[in-house]
Structure formats: C-alpha cells, structure tokens
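# Summary of the model geometry
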Amino acid sequence: MKIKGEIGNDFCPQSLFLYGTWKEDGTPNFGLFCWFSYNWIGDEDGDGLGVMACIGEDKLTKDLIRKNGVFSANLVSENLLPLADYYGNTFGRDTPDKMKYLPTVEKGQVLDVPTIAESPVSFELKVLEEKHLAAGSDLFLCKICNVTVEEGLRNGEVPFGERLRRAAPVVTAGEMTYCTLDGRTLGQWGEPKERLGK
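Here the structure is a predicted model, which means the values were calculated and not measured. (Residues numbered from 1 in each chain as written. Predicted model: local features only at pLDDT ≥ 70, side-chain atom pairs only at ≥ 80, totals over all residues. Heavy atoms only, no water.)

Attention now goes to the sheet that holds strand 1 (residues 14-15). Picture the strands of a sheet paired through backbone hydrogen bonds; they go either parallel or antiparallel. The strand order across the open sheet formed by 4 strands is 1-11-12-13, and the pairing between neighbours is antiparallel. Where the open sheet ends on each side, the last strands, each with one partner, are strand 1 and strand 13 (185-188). Where strand 1 and strand 11 (residues 171-172) come together, 2 bridges link them in antiparallel fashion. Bridge pairing in strand 11 places Gln14 opposite Thr172. (Pairing = 2+ DSSP bridges. Helix = DSSP H or I, 4+ residues; strand = E, 2+ residues; numbered from the N terminus.)

Written out as structure tokens, the structure reads:
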C-alpha cells in the first residue's frame, strides 16, 4: 500500500558528476552536481543526444560555464567520492585554494575543457541554451560533443551489469546520503571529504 509522501526525489537517485571548467588563469575548476539528465536535441549535424544540467544557487562553476559556453561532466565513481564531496562542500568564491586537491586533469579531446582521468565516463558539453527557472535555478541545455570511457567499460563481451558495477557510479537523493546503485551507504554529505589527505 502507498501512502502520501512529501514532494521530493528520495527514492529516485541521480548520479553525481564533477563539472569541469577553466578559470581565466588557465587553471581547472571543478564543482559537484547531480541535477543532470539526457534529452534529444536532433541538431543540424544529425546528432541527437544532449543533456540537461540544472545548477542551483550562484556558484563560480555556473559563472565559468556561462563565460566559456563549454564544460565537462565527469561521472563520480566510489574512488572519486572523497574529492567530489570536498568540491561539493567547499564554496569556491570563499575558498581561493579550493583546487588544492586535484584529480589527474586532462584536456578534452574535442572541446577546450578539463576532464578527469580517474572518472570512468567524461562528457564534453557545449551549451546550446540557458533557461532561468527560478531564483538561483538555471537549466543548461547542452550538446554532447564527445564522450571518453574507460576502455574496459566498452567490452561488450562482459555483461552490462558487470561493467556498470566496475564503473561504480555514486548516486544521491534524499536524506543527504551518498549510495551505490545497489543501495550500500557511502556516507552523508560532508563525510567522505574527511578521508582526503589521509
């Protein structure tokens, strides 16, 4: 039996992504986000898969995406979670040395964006349109210009479920909790970052 619940997405988890942009001085900037999904854009090149990336509040990452018009979205795996949690709980405008902890940064293959070598999947995205939804909430409609994937994840001889387990994406939803796709708890928001530097 179902009962009335509160409006929310508690049991509809979303994968975490680190969005990558370049600062004006050429150094990388990463921010943690999860309001990310896919859409069909059907552009003039015949390519159709795009993404919708919603960013709440004013953030340095949002400023840089608007300025540059491109960014990367790097899937957060269990191994990347401490760094991702640090980025998600450290406000870039108030912390000049926020990027003191960096992953292995690579240049995008198609777009001028920083990507993360440790991420199992990285998208290179070009912003096609921005829609203002509400105070502090903005939606970026983007074209996927390139995807890089760990080589082992492309091996079709390995069942998809096993490859998904190897990618180890981290999801989040209600109650400020990080989880695996099979429901293992990886900590509350703000906890995994405590493992950095240990």
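Still more to cover.
Relative to strand 13, strand 12 (residues 177-179) is paired through 3 bridges, and the arrangement is antiparallel. Within strand 13, the residue paired with Thr177 across the bridge is Gln188. Here strand 12 hands over to strand 13 after 5 residues, with Gly183 in that stretch at a positive phi of 95°.

So, about the pairing of strand 6 (residues 70-75). Burial runs high along strand 6: 6 of the 6 residues are buried. Side chains Val70, Ser72 and Asn74 of strand 6 all project onto a buried face; the interleaved residues Phe71, Ala73 and Leu75 project onto the opposite face, where all are buried too. When strand 2 (residues 17-22) meets strand 6, the two strands line up antiparallel, connected through 4 bridges. In the strand pairing of strand 6, Gly20 is matched with Ser72. The sheet contact formed by strand 6 and strand 9 (residues 121-134) spans 5 bridges and is antiparallel. Residue pairing across strands places Asn74 opposite Ser122, the latter belonging to strand 9. (Buried < 20%, exposed > 50% of the residue type's maximum accessible area, 1.4 Å probe, protein only.)

On to a nonpolar patch on the surface, then. Together, Tyr38, Trp40 and Leu49 give the surface a local cluster of nonpolar side chains, amounting to about 380 Å² of exposed area. Here Leu49 shows up in strand 5 (residues 49-56). Given the relative accessible area of 44%, Leu49 is considered partly exposed. (Patch = residues over 30% accessible without salt bridge, like charges linked within 9 Å, V, L, I, M, F, W, Y side chains within 5 Å. Areas by Shrake-Rupley, 256 points an atom, 1.4 Å probe, with all protein chains shown as cover. Salt bridge = Lys/Arg side-chain N within 4 Å of Asp/Glu carboxyl O.)

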